[in-house]
Amino acid sequence: MKALKPIYLFPFVLIALVTGMVGGWIRIGYTEIAISGSAANHGILMVGGFLGTLISLERAMVMRHKVWLVVPLISGLSIPVLLLLGWPTFGIAMMLSASLGLMGIMYLQSLRHPALYQYVMSVGALSWMLGNFSLLYTGFVPGAVPWWIGFVLFTIVGERLELSKFLPTPVIAKKALVWLLAAFFIGLWLPFHDYGNWLMGAAIIFMSFWLLHFDMAKVAAQKSKQFKYIGIGLRVGYFWLTLHGIILTFMTAHSFHYDLYIHTFFLGFTFSMIWAHAPIILPMILNIKINLYHPILWIGWSIFQLSLLGRILSSVFGIYEWRTLFGVINGYSILAQFALMAGIVFYSKVTEKKLKVVSNRPIENNHHLKTTKHEMDSVI
């Protein structure tokens, strides 16, 4: 397994993102770019292929034995099985296998570090498995979606608890969060259009309030540069989570309810978390020692947030043409943000290489660095 490195698996993440995004464009009426099977498997590619592979890759990297990298590998290989081979049942079965592998990873990590945040992330892995099992058994994507939301929600909340563990959070506040997570998980088992959506939505609304008040993003947003970028990005994500809960609870009769509650979560909340964590997580995955933050990231981030807001408002008011337009812009903004990060890496590498060349050049050959005594005196 020495030949299997995280950087080799990252292309699967990008392939799933691009193909899933193209499928989403087709579903909202933009057909200029088409990939066979991407529209039918849009949700599966985005959640299982993109998020599932990314999260399991992140978790597998911290394991002692790199054999656990097989878990994201299986998840990543499900993408060509779905799209190229056209075997949806086998592809979903592979994702189910990957989710079982992630449960194994989280179980071992919980044994090594028995803490609340590990248990919360373990419930996230369980939710991914149950969603994949539901899809494999019924073939009904909307039935799996609440479980997939639970997968991402529990994973992110667990990660935020881990990063905020040194903050002086009151014991009663931590207990309140546990009860909110429990209420959401119970809501997953209830009929969606009966009481399930009410319980999940209410739990999510109060959970977002909890994160806005107790998460360390509140502190980071008051600082500068990278800390500010991360802090504001996280807090905007929590506002999207609030909106998701409101839509889930109070807008079930809206004709675009499914579209609204799906994309306020998986685009608004989830991608806000990705953009905020990317300067820390991506260098670790790609094994590069580079500060991935640059002020230019604010441009891509702003376009993403504004175009998503435009898409959501267009759906609320039923303006179909604008919904398509903003949806396409939003997709390209995601690609642009990753392209900006790649540009930062490339620029940093080129700059680093030039500095090494200059520093390794013999002093006697650096005529352009020599300064005569007369020139030095004139400067002084």
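Residues numbered from 1 in each chain as written. Predicted model: local features only at pLDDT ≥ 70, side-chain atom pairs only at ≥ 80, totals over all residues. Heavy atoms only, no water.

### Here's the deal with the overall build of the protein
Note the threshold: Put simply, DSSP marks the helices as runs of H or I at least four residues long and the strands as runs of E at least two long, and each gets a number from the N terminus on. Here's how the labels work: a residue is buried when its accessible area is under 20% of the maximum for its type, exposed when over 50%, partly exposed in between, all with a 1.4 Å probe on protein chains only. Only heavy atoms enter the contact rule, under which two residues are in contact if any of them lie within 4.5 Å. Residue-level accessible areas treat just the shown protein chains as cover; the underlying method is Shrake-Rupley with a 1.4 Å probe. His is not counted, nor are the chain ends; Lys and Arg add positive charge and Asp and Glu add negative charge. For charged residues, the charge sits on one atom: NZ in Lys, CZ in Arg, CG in Asp, CD in Glu.
Helices and strands together make up the secondary structure of the protein, namely 14 helices and 0 strands. Written out in order from the N terminus, the α and β elements of the protein read α-α-α-α-α-α-α-α-α-α-α-α-α-α. Considering only C-alpha atoms, the protein reaches an extent of 85 × 50 × 50 Å along its principal axes. Looking at the protein as a whole, 51% of its 380 residues qualify as buried. Long-range contacts, defined as pairs at least 24 residues apart, comprise 73% of the intrachain contacts of the protein with a sequence gap of at least 6. When the accessible surface of the protein is split by element, carbon and sulfur atoms take 71% of a total near 18,600 Å². Side-chain charges of the protein comprise 26 positive and 12 negative groups, with the mean position of each set lying 9 Å from the other.

### Quick notes on helix 7 (residues 171-189)
Just so we agree on the cut-off: A helix is expected to span 1.5 Å multiplied by its residue count minus one. Note that the arc is computed from the directions linking the helix axis to the C-beta atoms.
Its 19 residues give helix 7 an end-to-end C-alpha distance of 28 Å, which sits within 8% of 27 Å, the value for a rise of 1.5 Å per residue. Along helix 7, the residues classified as buried are Ala173, Leu177, Leu180, Leu181, Ala183, Phe184, Gly187 and Leu188. The buried side chains of helix 7 occupy one side of the element, clustering within an arc of 155° when seen end-on. In helix 7, the exposed positions angled more than 90 degrees off the buried face are occupied by Val171, Ile172, Lys175, Trp179 and Trp189. Residues of helix 7 that are buried in the fold lie against helix 5 (116-138), helix 6 (141-163) and helix 8 (192-214).

### Here we look at unusual backbone geometry
At Lys225, a residue that is not glycine, the phi angle is positive and equals roughly 55°. By secondary structure assignment, the location of Lys225 is in helix 10 (residues 225-250). Positive phi is not limited to glycine here, since Asn287 has a value of about 60°. Its place among the elements puts Asn287 in the loop between helix 11 (257-286) and helix 12 (297-317).

### Regarding the nonpolar core
Note the following rule: The definition of a nonpolar core used throughout is a set of buried Ala, Val, Leu, Ile, Met, Phe, Trp, Tyr and Cys residues joined through side-chain atoms within 4.5 Å.
By size, the foremost hydrophobic cluster in this structure holds 112 residues, and its most contacted members are Phe184, Phe266, Phe271 and Trp275. Per element, the largest residue contribution to this core is 16 residues, and it comes from helix 11. Setting aside anything within four residues of it in sequence, one finds Phe271 in contact with Leu17, Met46, Phe50, Phe266, Phe304 and Ile334.

### Here we look at the side chain of Thr264
Filter applied, for reference: In protein, a polar contact requires one atom able to donate a hydrogen and another able to accept it; more generally it is a pair of N or O atoms within 3.5 Å, and residues adjacent in sequence count only if both atoms are side-chain atoms.
If you trace the backbone, Thr264 turns up in helix 11. A residue is classified by how much of its surface remains accessible, and Thr264, at 0% relative accessible area, is buried. At 3.5 Å, the side chain of Thr264 forms a polar contact with the side chain of His244. Sequence-distant contacts of Thr264, defined by excluding residues within four places in its chain, comprise Trp240, Leu243, His244, Ile247, Phe269 and Ile312.

### Let's talk about the environment of Pro88
Checked against the element boundaries, Pro88 lands in helix 4 (residues 88-112). Residues Pro88 and Asn41, spaced 47 residues apart in sequence, show a C-alpha to C-alpha distance of 8.4 Å.

### Brief notes about the pattern of salt bridges
Our working definition: Salt bridges are counted wherever a side-chain nitrogen of Lys or Arg sits within 4 Å of a carboxyl oxygen of Asp or Glu.
Enumeration over the complete set of coordinates arrives at 4 salt bridges. Here Arg311 makes a salt bridge to Asp259, at a shortest N to O gap of 2.7 Å. Residue Arg311 is found in helix 12, and its partner Asp259 is found in helix 11; the two are separated by 52 residues along the sequence. Look at Asp259 and you get buried, because its relative accessible area is 10%. As a salt-bridge pair, Arg323 and Asp259 come within 3.2 Å of each other at their nearest N and O atoms. With a gap of 64 residues between them, Arg323 in helix 13 (residues 320-360) and Asp259 in helix 11 connect regions that are remote in the sequence. Taken together, the shared-partner salt bridges connect Asp259, Arg311 and Arg323 into one network.

### Here's the deal with the packing of aromatic side chains
Where we set the bar: Ring pairs are drawn from Phe, Tyr and Trp, using the six-membered ring of Trp, whenever the two centres fall within 6.5 Å, and their geometry is named by plane angle: stacked under 30 degrees, edge-to-face over 60, tilted for the rest.
Scanning the entire structure with this criterion turns up 27 aromatic pairs. With centroids separated by 4.9 Å and ring planes inclined at 10°, the aromatic side chains of Trp128 and Phe151 adopt a geometry described as stacked. Of this pair, Trp128 sits in helix 5 while Phe151 sits in helix 6, placing them 23 residues apart in sequence. Both residues of the pair, Trp128 and Phe151, belong to the buried class. With a centroid separation of 5.6 Å and 35° between ring planes, the pair formed by Phe192 and Tyr261 is classed as tilted. Here the residue Phe192 occupies a position in helix 8, and Tyr261 occupies one in helix 11, the gap between them amounting to 69 residues. Across this residue pair, the class does not change: Phe192 and Tyr261 are buried. Members of the aromatic cluster, joined through ring pairs, are Phe50, Phe271, Trp275, Phe304 and Phe338.

Without other data, these values stay purely geometric and don't point to any function.
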